[in-house]
Amino acid sequence: MVAAAIDLQKISKNFGSLVALHPTELTVSKGEYVLVIGANGAGKTTLLRLVAGVSRPSSGRVFICGKNLRTNAENRAKIGLLTHHSMLYEDLTAEENLRFYSQLYCIKEKDLKIEHSLELMDLNRWRHRKVSGFSRGMRQRLSIARAIIHNPSVLLLDEPYSGLDPTTRETLQKLLLELKTHGHTFLMATHRLEDAAPLADRVIVIETGQIIVDEPWQGSASELAKLFESRKERTL
């Protein structure tokens, strides 16, 4: 039996008396593209951070490709994470940031990977500029390059289209489609349903730290918006 790419076993997250995520069970198969939607503060980012291992659950366990993430830290190399925090070093250049992460993940042919990533995100001309001088859109493009440079099998994307101009959004869309075709697994939270709907195989709706919808998906952005609004109204 093939292990799931992501297997969450009753994970929860509390911040003092605040319950950010109620005990949650979720299994994502290899190659599946799961879209997570919900209002601001619903628990989407908390969920992604728990899956990535950058936040420790208050209870429960996270398995990535069949291995407990807490006791198999090397499995984090299978994860590519993009969040609101760029995870970039301000005093390093674009190229130096990618070189740091390529060394961190022990990537072979580092120079080739760095060149490809810079070209893919149209950052070649700014490769020697420090991140401290980057615009929001440039930071997002470099963050995307950082998240995929080690070719992770599991991609966790939190608002990946944020700050991108139309041309770069189109580039990202093509990249995500290509990665999906090659069997990568996705868990993505975004408000840009027009971009996310064509890629998703499955949709999850989170409300006040609980999954209230989890079902297969094949439809348009407008249909997805209607599903989200209808489910919200039922919980009011």
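Residues numbered from 1 in each chain as written. Predicted model: local features only at pLDDT ≥ 70, side-chain atom pairs only at ≥ 80, totals over all residues. Heavy atoms only, no water.

*Asks:* I'd like a rundown of unusual backbone geometry, residues and numbers included.
*Replies:* The backbone of C106 sits at a positive phi, close to 55 degrees, despite the residue not being glycine. Mapped onto the secondary structure, C106 falls in the loop between α2 (94–104) and α3 (110–120). Of the residues examined, C106 reaches a relative accessible area of 62% and is grouped as exposed. In this model, T208 sits at a positive phi of 45 degrees, which is unusual for a non-glycine residue. Inspection of the secondary structure puts T208 in the loop between β9 (202–207) and β10 (210–216). (Helix = DSSP H or I, 4+ residues; strand = E, 2+ residues; numbered from the N terminus. Buried < 20%, exposed > 50% of the residue type's maximum accessible area, 1.4 Å probe, protein only.)

*Asks:* So what about the sheet that holds strand β6 (residues 79–82)? Which residues, and what values?
*Replies:* Overall, mixed pairing links the 6 strands, which are arranged β6-β7-β8-β3-β9-β10 in an open sheet. In this open sheet, the two strands that pair with only one neighbour each are β6 and β10. Between one strand axis and the next, the sheet turns by 15 degrees as a mean value, whatever way the strands run. Summarising the sheet, β9 and β10 pair through 6 bridges and their orientation is antiparallel. Note on β10: the bridge partner recorded for R202 is P216. (Pairing = 2+ DSSP bridges. Axes fitted to C-alpha atoms, helices over the stretch in contact; angles between N-to-C directions.)

*Asks:* So, the layout of surface pockets: which residues are in play, and what are the values?
*Replies:* Computed from the structure, the largest pocket encloses a volume of approximately 320 Å³. Among the elements that line the lining of the largest pocket, the one with the most residues is α3, at 4 residues. (1 Å grid on protein atoms, 1.4 Å probe; cavity = no way out; pocket = protein on both sides within 12 Å on 5 of 7 lines; lining within 4 Å. Points joined across faces, edges and corners; volume = space filled by probe spheres on them.)

*Asks:* Can you break down the packing of aromatic side chains residue by residue, with the values?
*Replies:* Two numbers describe a pair of aromatic rings. These are the distance of the centres and the angle of the planes. For the structure shown, the criterion picks out 3 aromatic pairs. When the ring of Y89 is compared with that of F100, the centres are 5.1 Å apart and the planes differ by 75 degrees; the resulting orientation is edge-to-face. On the criterion of sequence distance, the pair formed by Y89 in the loop between β6 and α2 and F100 in helix α2 is long-range, its members being 11 residues apart. Of the residues examined, F100 reaches a relative accessible area of 32% and is grouped as partly exposed. Linked through ring pairs, Y89, F100 and Y101 together constitute an aromatic cluster. Residue placement shows R146 over the ring face of Y101; its charged tip is 5.6 Å from the ring centre. (Phe/Tyr/Trp six-rings, centres within 6.5 Å; stacked < 30°, edge-to-face > 60°. Lys NZ or Arg CZ within 6 Å of the ring centre and 35° of its normal.)

*Asks:* Explain empty space enclosed by the protein residue by residue, including any values.
*Replies:* In this structure the tally under the stated criterion is 1 cavity of 30 Å³ or more. Along its surface, the largest cavity is lined by L82, I144, I148, L155, L157, P160, L172, L175 and L176. When residues of the lining of the largest cavity are assigned to their parent elements, the largest contribution, 3 residues, is made by helix α5 (residues 166–181). Across the lining of the largest cavity, the residue classes tally to 9 nonpolar, no polar and no charged. (Nonpolar A, V, L, I, M, F, W, Y, C, P; charged D, E, K, R; others polar.)

None of this, on its own, says anything about what the molecule does.
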